[in-house]
Amino acid sequence: MDAPLDRLAHLVTHHSRSPLPAEVRDAARRTLYNALATTVGAAREPATDIVVAAATGFGDGQAVLPGRPERLRPLDAALATGLAAHLDDYDDTHLRTVIHPGAVCLGALVGLQDEIADRDADEILGAFAWGVEAQLRLGVSVSPEHYDAGWHITGTCGAVGAAVTAGLLLGLGAGQLRAALEWAVEDGLGNREGFGSMIKPYHPGKAAVSGLRAALDVAAGADGPGDSLTGPEGFVHRLARGKFDPDALLGEPGTRWELLDNTFKPYPCGIVTHPAIETAEALHDRVVAHGGPDAVREIRLVCHPLVPELTGNLDPVDGLQARFSTAHGIAAGLLAPPVDLTGYATGFVVSEPARRLRSLIAFEPREGYGRDAARIDVTMADGTVLDHEVTHARGSLARPLTDEELKAKAHGLVDRIRPGGAEALDAAARRQGPGYLRGLLAAAAPIAAAPVDGASTADDLYVGDAMSPGTSAANSPAEELALAALLADAGDLSLGHPHVEPVVRLIEEAARIRLNVPAGDERDRAGAVAAGLVEAGHRPVVAAAVAPCAAEDLPRDDAARAVALALAVAGRLADRLGVDVDRVPGFAAALAVTAAHRLPPETALRVLGQAGTRTTAVSGTAASTAADARRARLAAADAVETLALARRGFTGPARPLTGRRGLLSLLAQRAEPALTGPDLLDDAALGDILRAP
């Protein structure tokens, strides 16, 4: 029997030749319109600023960005767009899986704009619809086990959506699309430990890059890595506890559409918070009549059990953390309805009235209670108990946003960046004929780079530090802190150690390869060197760690120490995960550049946030030098990018490895060995890693 990804590729390429049913086309248009509006709305927020600044540091491009004046290279445009679309947690949501599919597929479109700007509206919407549908079907096929295990399903499944959207627009045949899907599944990313930091919106942005990159590489002649979904080291085994429903992925193509169950958020926060916000908004006037918020004494919320699990933070310290605090949503609803982006500005989040109301809230989760339902009881100083119940929240499948409500939401997002832009964007989304994407991007372009009315500044919304705001390396958990400190002190290691000496020779070999790589984007140069090392017979993990450390501005001795240290840690990590060390080349490469550049522990922790969330150890079944070269190339390139983002303050979780949903907590098969220790370079396994197979 054909592997599921092969069957999916054939179904998509076959059925996508037919026009979309009218209701599906309209759902795709609404999803695209909403995603563009949320992208423009978050275009000038700090996380987007950091991504754009890092990208422009690698060189200029030609791709335009929704809501910004800069022009980036295609993959950078995909990353920035996917990140901004999801940044405010205001984008579309498929309630059954909790996937936010629009951001990833929009990122793929923006990244492909040079090739598709003049294509017909039906072609663009068709590819977008099938990309959304593919990732949603994959999500349903592994739900609820995959999300419940701790993975961010938007990032892990989203790359498949981007690969489908890009693959159809690039004209890939069924066999080529299968190969692209295999790479997209292998390169998906994201655990839920990063929720409440910049890492969460990074997931759909990087998933857009992974899917688009897979389609472009296959179009250029690359083969796939084999079955990365149901193979022995595939997604289902590693990330979904073995759960897989083939019919959910493949059944009734072209007639059953998960896209029709996609919904649009009325509030900029986690979806499970919405019913509680609506109940609080409904009580605002009655609370005022009984003495106002200062007279509130107790608040009780009856809710679904996922509410305290996912959004139980009672004391968020910034806007991103507050998006995962139902208590803050209630406070905002009681204090300043209607709740919109201003309710999640950091100044409001840390205000005394908001803090006080959050401290009064008690959750009462009930099994069997609807995810879109909530009941609130507010006890006032005069003894009155005010209550309100929502059976189905606004924006749910039972009460979807109307076109007018969706437009009103877009006005609040787009018009502060471009006055009148929401109407122009709506008109562009409804156009027929050629030039569809060009028209959308023109409507989403800013009029000027002047200060935005009502937009949060970097200081107001988010103070970028090492991990989550309020957390420093000094109070970070022991294993993360020890590793960050070790990376910062790599220069103290002995250059004469028997396991460092062969690395010196590897660095010299990489430098010779680098002489024949054209100057330009440092990510491309590091990637080319890594691929060259694999083709010369070196292991992918070795090539990935060495290549970015062979840059001319790095002292050879520092680079050698850094690579040896990174490979030793990677070896121990692989041992903990129960996988071959060549399954963690990205982690090794990120550690190597961190140590080579002698980054301080706070910055090293930011690197660990990105490297940890990208590591899944998912792998296809085919073995080839070409596949290993691609893995090393992407790992080395991503490490260089990670360094640039971390240096600019891109935040992540305080516990990227040992947090409840961190890398080790999700994937480790054993508790030992420790990732650090005085005998790290003495590991016999390090010698094995350094020997070419």
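Residues numbered from 1 in each chain as written. Predicted model: local features only at pLDDT ≥ 70, side-chain atom pairs only at ≥ 80, totals over all residues. Heavy atoms only, no water.

### Concerning the overall build of the protein chain
As a reminder, the rule being used: The helix count covers DSSP runs of H or I at least four residues long, the strand count covers runs of E at least two residues long, and both are numbered beginning at the N terminus. All radius of gyration figures rest on C-alpha atoms, and the globule criterion is 2.2 Å times the number of residues raised to 0.38. For every residue, the accessible area (1.4 Å probe, protein chains only) is compared with the maximum for its type, and the residue is labelled buried under 20%, exposed over 50%, or partly exposed between those bounds. Two residues qualify as a contact provided that any one of their heavy atoms is within 4.5 Å of a heavy atom in the partner residue. With residues, only the protein chains shown are counted as cover, and all accessible areas are computed by Shrake-Rupley using a 1.4 Å probe. In this tally, Lys and Arg are treated as positive and Asp and Glu as negative; His is ignored, and so are the chain termini. A charge is said to be at NZ when it belongs to Lys, at CZ for Arg, at CG for Asp and at CD for Glu.
Looking only at helices and strands, the protein chain has 33 helices and eight strands in total. Relative to a compact globule of 693 residues, whose C-alpha radius of gyration would be 26 Å, the protein chain shows 25 Å and is just as compact. Each of the three principal axes of the protein chain carries a C-alpha extent, and together these read 75 × 55 × 50 Å. Residue burial in the protein chain is summarised as follows: out of 693 residues, 63% are buried. The long-range fraction of contacts in the protein chain, counting pairs at least 24 apart against all pairs at least 6 apart in sequence, stands at 80%. Summed over all atoms, the accessible surface of the protein chain reaches about 22700 Å², with 51% contributed by carbon and sulfur. Distance between charge centroids for the protein chain: 1 Å, based on 65 positive and 89 negative side chains.

### Some words on the environment of Pro-101
In this structure, Pro-101 sits in helix H5 (residues 101-111). The class of Pro-101 is buried, set by a relative accessible area of 0%. Between the alpha carbons of Pro-101 and Pro-585 there is a distance of 28 Å; along the sequence they are 484 residues apart. Each residue touching Pro-101, except ones within four places of it in the same chain, is listed here: Asp-92, Val-132, Gln-135, Leu-136 and Asn-262.

### Looking at the confidence of the model for the protein chain
Cut-off, in case you're wondering: Confidence of the predictor at the level of single residues is given by pLDDT, which spans 0 to 100.
In the predicted model, the protein chain carries a mean pLDDT of 94, and 95% of its residues have values of at least 70. Across residues 449-476, where pLDDT falls below 50, the model places 78 contacts with residues more than four positions away in sequence or in other chains.

### Some thoughts on the nonpolar core
For clarity, the cut-off: Nine residue types can take part in a nonpolar core, namely buried Ala, Val, Leu, Ile, Met, Phe, Trp, Tyr and Cys, and a core is a set of them joined through side-chain atoms within 4.5 Å.
If you look at the biggest cluster of nonpolar residues, it comprises 226 residues, and the most contacted ones within it are Leu-567 and Phe-587. Residues within four places of Leu-567 in sequence aside, it is in contact with Val-541, Val-542, Ala-545, Ala-588, Leu-686, Ile-689 and Leu-690. Counting nine residues, the second-largest nonpolar core is a separate cluster that includes Tyr-267, Ala-322, Ala-332 and Val-339.

### A word on the packing of aromatic side chains
The test is simple: Here a Phe, Tyr or Trp ring, Trp counted by its six-membered ring, pairs with any other such ring whose centre lies within 6.5 Å, and the pair is stacked when the planes are under 30 degrees apart, edge-to-face when over 60, and tilted otherwise.
Counted by the stated rule, this structure contains three aromatic pairs. Taking 5.2 Å as the distance between ring centres and 35° as the angle between the ring planes, the aromatic pair formed by Phe-195 and Phe-324 counts as tilted. Here Phe-195, found in the loop between helix H10 (174-187) and helix H11 (199-219), pairs with Phe-324, found in the loop between helix H16 (319-322) and helix H17 (326-335); they are 129 residues apart in sequence, far enough to count as distant. Phe-324 carries the same exposure label as Phe-195, and that label is buried. Considering the side-chain rings of Tyr-202 and Phe-650, the 5.8 Å spacing of their centres and the 65° angle between planes classify their relative orientation as edge-to-face.

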